[in-house]
Amino acid sequence: MTLSAELLRSLHSLLRQLAELEGRLERGPRQVAAAQATVDRAAAEVEKWRQKVREAKLLADRKQLDLKSSESRIADWQGKLNACSSNKEYQTLLEQIAAGEMAGSVLQDEILETLERIDGLESETKAVQESLAAAQVDMQKTSERIAAAEAGLRAEIARVAGELTAAEQHIPGALKADYERVVRQLGAGGMADVEEGACGGCGQQLSLNQTSDIILQKAVFCQGCGALLYPPE
């Protein structure tokens, strides 16, 4: 049984073309999924910063209420000063007013700090929102690009697969089962050329008998990787 080296080279070329095209087709959805994952991470980041802003604003609101309550108590104590019946009661009210004013001053400082923190948080939120918007644009472009390329890739795959099927009709019947086995298991790696006396797929050195058989256009399979071998041009 003899094998045309030209046929084997053609088969391997078509197998590699088909593998490359199918790989591009399979990578498309993964690229879209990766872009979507980026959008999801950016959206989660936006929500995280928005939650920080909400928490900071709630804290500021609570402190504002505490300050108003403190000011109300101070105003009440001040109103009672003129009605004091003893110096001790008068001094007690003065001490309460002073403590309230001190606490109010601390609250005012804390409110100011919280408001400044809110400004910083809102600035960070705006930045991550911009990142989210950019990720969404990239996601849209990726989806459109993949969708536009898919039809062309499928047509090209069908064309190459048709050429491969036609070429496979010329494989001798005695070799057909072995060829189909290695291609089914290894894909395009099921065939390899010979490079300087070794398998071009795995580098396994060929014996003199194998080299001779290849020259005589006999079927030779690499003992290392199992690929069907053919001579270089």
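Here the structure is shown first, and the text comes after it.
An account of the accompanying structure is given in this report.

How each quantity is defined
- Residues numbered from 1 in each chain as written.
- Predicted model: local features only at pLDDT ≥ 70, side-chain atom pairs only at ≥ 80, totals over all residues.
- Heavy atoms only, no water.
- Helix = DSSP H or I, 4+ residues; strand = E, 2+ residues; numbered from the N terminus.
- Expected span 1.5 Å × (residues − 1).
- Bend = angle between axes of the 7 residues up to and from the residue.
- 1 Å grid on protein atoms, 1.4 Å probe; cavity = no way out; pocket = protein on both sides within 12 Å on 5 of 7 lines; lining within 4 Å.
- Points joined across faces, edges and corners; volume = space filled by probe spheres on them.
- Nonpolar A, V, L, I, M, F, W, Y, C, P; charged D, E, K, R; others polar.
- Contact = heavy atoms within 4.5 Å.
- Core = buried A, V, L, I, M, F, W, Y, C linked by side-chain atoms within 4.5 Å.
- Buried < 20%, exposed > 50% of the residue type's maximum accessible area, 1.4 Å probe, protein only.
- Polar contact = N/O pair within 3.5 Å; in protein donor to acceptor, adjacent residues only side chain to side chain.
- Pairing = 2+ DSSP bridges.
- Salt bridge = Lys/Arg side-chain N within 4 Å of Asp/Glu carboxyl O.
- Axes fitted to C-alpha atoms, helices over the stretch in contact; angles between N-to-C directions.
- Parallel < 35°, antiparallel > 145°, perpendicular 65-115°, else oblique.
- Left-handed = near helix turned anticlockwise from the far one by under 90°.

Let's talk about helix α2 (residues 87-168)
For α2, which comprises 82 residues, the first-to-last C-alpha distance of 114 Å matches the rise-based estimate of 122 Å (1.5 Å per residue) to within 8%. Of all the bends in α2, the greatest, near 30 degrees, is centred on Glu150.

Quick notes on the layout of surface pockets
Empty space within the largest pocket amounts to approximately 180 Å³. The wall of the largest pocket is formed by Arg24, Leu25, Arg27, Gly28, Pro29, Gln31, Arg145, Ile146, Ala149, Glu150 and Leu153. The biggest single contributor to the lining of the largest pocket is helix α1 (residues 5-81), with 6 residues. Of the residues that constitute the lining of the largest pocket, the class distribution is 5 nonpolar, 2 polar and 4 charged.

With respect to the side chain of Thr142
Checked against the element boundaries, Thr142 lands in helix α2. In this structure, Thr142 is in contact with Gln31, Val32 and Ala35, ignoring residues within four places of it in sequence.

With respect to empty space enclosed by the protein
In this approach a probe as big as a water molecule rolls over the atoms, and the regions it shows empty are the leftover space. As enumerated under the stated definition, the model contains 1 cavity of 30 Å³ or more in all. Estimates place the volume of the largest cavity at around 50 Å³. If you go around the largest cavity, the residues you meet are Leu3, Ala5, Leu8, Ile214, Gln217, Lys218, Leu229, Tyr230 and Pro231. At the level of elements, α1 and β3 (228-230) are the ones that each hand at least two residues to the lining of the largest cavity. Split into classes, the residues belonging to the lining of the largest cavity amount to 7 nonpolar, 1 polar and 1 charged.

Some remarks on the nonpolar core
Counting residues in each nonpolar core, the largest one holds 23 residues, and the members touching the most others are Leu8, Leu11, Leu15, Leu164, Tyr179, Met191 and Leu228. Every element with two or more residues in this core is listed here: α1, α2, α3 (173-186) and β3. Sort the elements by how many residues they give to this core and α1 lands first, with 8 residues. Sequence-distant contacts of Tyr179, that is, excluding residues within four places in its chain, are made with Leu11, Leu15, Leu164, Glu168, Ile171, Met191 and Leu228. Membership of the second largest hydrophobic core comes to 14 residues, among which are Val46, Trp49, Ala60 and Met139.

Quick look at the side chain of His12
On the secondary structure map, His12 appears in helix α1. For His12, the side chain forms a polar contact with the main-chain oxygen of Met191, separated by 3.0 Å. With sequence-adjacent residues up to four places away left out, His12 is seen in contact with Ala188, Met191, Ala192 and Tyr230.

Focus: the sheet that holds β3
Strand order in the open sheet formed by 3 strands is β2-β1-β3, with mixed pairing between adjacent strands. The open sheet terminates on both sides in strands that have one partner only, identified here as β2 (198-199) and β3. Here strand β1 (residues 191-195) runs beside β3; their pairing, made up of 3 bridges, is parallel. When the sheet's bridge partners are listed, Met191 is paired in β3 with Leu228.

Here's the deal with the pairing of β1
The pairing of β1 with β2 spans 2 bridges and is classified as antiparallel. For Glu195, the partnering residue across the bridge sits in β2 and is Ala198.

Quick look at the pattern of salt bridges
Counting across every chain of the model gives 10 salt bridges. Among the salt bridges present, the one from Glu110 reaches Lys63, with a minimum N-O distance of 2.7 Å. Of this pair, Glu110 sits in helix α2 while Lys63 sits in helix α1, placing them 47 residues apart in sequence. With relative accessibility at 28%, the residue Glu110 sits in the partly exposed group. Taking the shortest distance from any N to any O, the salt bridge between Arg181 and Asp178 comes out at 3.8 Å. Placement of the pair is Arg181 and Asp178 together in helix α3, with a separation of 3 residues, close to one helical turn. Exposure remark for Asp178: the relative accessible area of 32% places this residue in the partly exposed category. Salt bridges sharing partners connect three or more residues here, namely Glu156, Arg159 and Glu163.

Re the packing of α1 against α2
At a minimum axis separation of 5 Å, α1 and α2 run at an interaxial angle of 165 degrees. Comparing their axes, α2 and α1 come out roughly antiparallel. In the packing of α1 onto α2, the handedness of the crossing is left-handed. Of the residues assigned to the contact of α1 with α2, the class counts are 42 nonpolar, 18 polar and 23 charged.

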